[in-house]
Amino acid sequence: MTALTDIQKALNTIRRITQQEAEAVRLETLALMAGVIADEAKDIEKKREPKPQRTVAQKIKPLPIPQVGSKPSSQAPQPTQDTKPEVADFTPQQPAPPQ
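Treat the numbers as computed from the prediction; the structure is a model and nothing was measured.

Conventions adopted
- Position labels on residues start from 1 in each chain and follow its written sequence.
- Reporting in this predicted model follows two pLDDT cut-offs: at least 70 for local features of residues, and 80 or more for side-chain atom pairs to be given and counted; totals over whole chains, interfaces and linings ignore these cut-offs and use all residues.
- In computing side-chain properties, one takes all heavy atoms of the structure into account and sets aside hydrogens as well as water.
- Secondary structure elements are defined from DSSP: runs of H or I of at least 4 residues count as helices, runs of E of at least 2 residues count as strands, and each element is numbered from the N terminus.
- A simple rule labels every residue: compare its accessible area, found with a 1.4 Å probe on the protein chains alone, to the largest value its type can have, and call it buried under 20%, exposed over 50%, or partly exposed in between.
- Accessibility throughout is a Shrake-Rupley quantity obtained with a 1.4 Å probe, and a residue counts as covered only by protein chains that appear here.
- Basic side-chain nitrogens of Lys or Arg form a salt bridge, by our definition, when they fall within 4 Å of a carboxyl oxygen of Asp or Glu.
- Helix axes use the C-alpha atoms of the stretch in contact, all axes being lines fitted to C-alpha atoms, and the angles between their N-to-C directions lie in the range 0 to 180 degrees.
- Throughout this description, any angle smaller than 35 degrees is read as roughly parallel, any larger than 145 degrees as roughly antiparallel, any in the 65 to 115 degree range as roughly perpendicular, and the remainder as oblique.
- It is the rotation of the near helix from the far one that decides the hand of a crossing: anticlockwise by less than a right angle makes it left-handed, clockwise makes it right-handed.
- It only takes one pair of heavy atoms within 4.5 Å for two residues to be counted as in contact.
- Amino acids outside the nonpolar list (Ala, Val, Leu, Ile, Met, Phe, Trp, Tyr, Cys, Pro) and the charged list (Asp, Glu, Lys, Arg) are all regarded as polar, and Gly is one of them.
- As used in this structure description, the phrase polar contact means that two N or O atoms lie within 3.5 Å; if the pair is within protein, one of them must be able to donate a hydrogen and the other to accept it, and residues adjacent in sequence are counted only when both atoms belong to side chains.

J.: What exactly am I supposed to notice about the overall build of the protein chain here?
T.: When helices and strands are counted, the protein chain shows 2 helices and 0 strands. Looking at the protein chain as a whole, 2% of its 99 residues are labelled buried. Taken as a whole, the protein chain presents about 10,900 Å² of accessible surface, with 59% of it coming from carbon and sulfur.

Written out as structure tokens, the structure is:
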């Protein structure tokens, strides 16, 4: 834990020094710290094991693109009377009188 303690002390020192500086200096300090953090993250990512590659069986096939205008209009399907959707009767009805 001494490494973390030393880092915390250094960060506290940086904060104490930058609090007395202008905004531009404070922003530049944050940019430097962000750069160091990004470099550390890249180093950690490199040390991880590589992810397994996709196999051929997992490859996704693209959808076929239909050819527009290549079919003659005589082959277009003709609508028939059997293809009409059923329409339910939703008109309001009077309730039956009591007996």
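Back to the text.
J.: Sorry if this is basic, but what is going on with the pattern of salt bridges here?
T.: Any two side chains of opposite charge can pair, given that their charged atoms come close. Inspection of every chain in the model, using the stated rule, returns 1 salt bridge. Note that Glu 45 and Arg 48 form a salt bridge whose closest N and O atoms lie 3.6 Å from each other. What makes Glu 45 partly exposed here is its relative accessible area of 46%.

J.: Would you take a moment to explain the packing of helix H1 (residues 2–18) against helix H2 (residues 23–47) for this structure?
T.: Geometry of a packed helix pair, given as the angle between the helix axes and the separation of the axes. At a minimum axis separation of 10 Å, H1 and H2 run at an interaxial angle of 160°. Viewed along their axes, H1 and H2 adopt a mutual orientation that is roughly antiparallel. For the element pair H1 and H2, the recorded crossing hand is right-handed. On H2, the residues touching Leu 11, Ile 14 and Thr 18 of H1 are Arg 26, Thr 29 and Met 33. Each residue belonging to the contact of H1 with H2 can be placed in one class, and the counts come to 3 nonpolar, 2 polar and 1 charged.

J.: I tried to follow the side chain of Thr 29 on my own but got confused; where do I start?
T.: Inspection of the secondary structure puts Thr 29 in helix H2. There is a polar contact of 2.8 Å between the side chain of Thr 29 and the backbone oxygen of Val 25. Setting aside residues up to four positions removed in sequence, Thr 29 forms contacts with Ile 14 and Thr 18.

J.: Quick question: what am I supposed to make of the side chain of Thr 18 here?
T.: Counting through the fold element by element, Thr 18 comes out in helix H1. The exposure class assigned to Thr 18 is buried, which follows from its relative accessible area of 14%. Of the polar contacts made by the side chain of Thr 18, one reaches the backbone oxygen of Ile 14; its length is 2.9 Å. Every residue in contact with Thr 18, bar those within four places of it in the chain, is listed here: Arg 26 and Thr 29.

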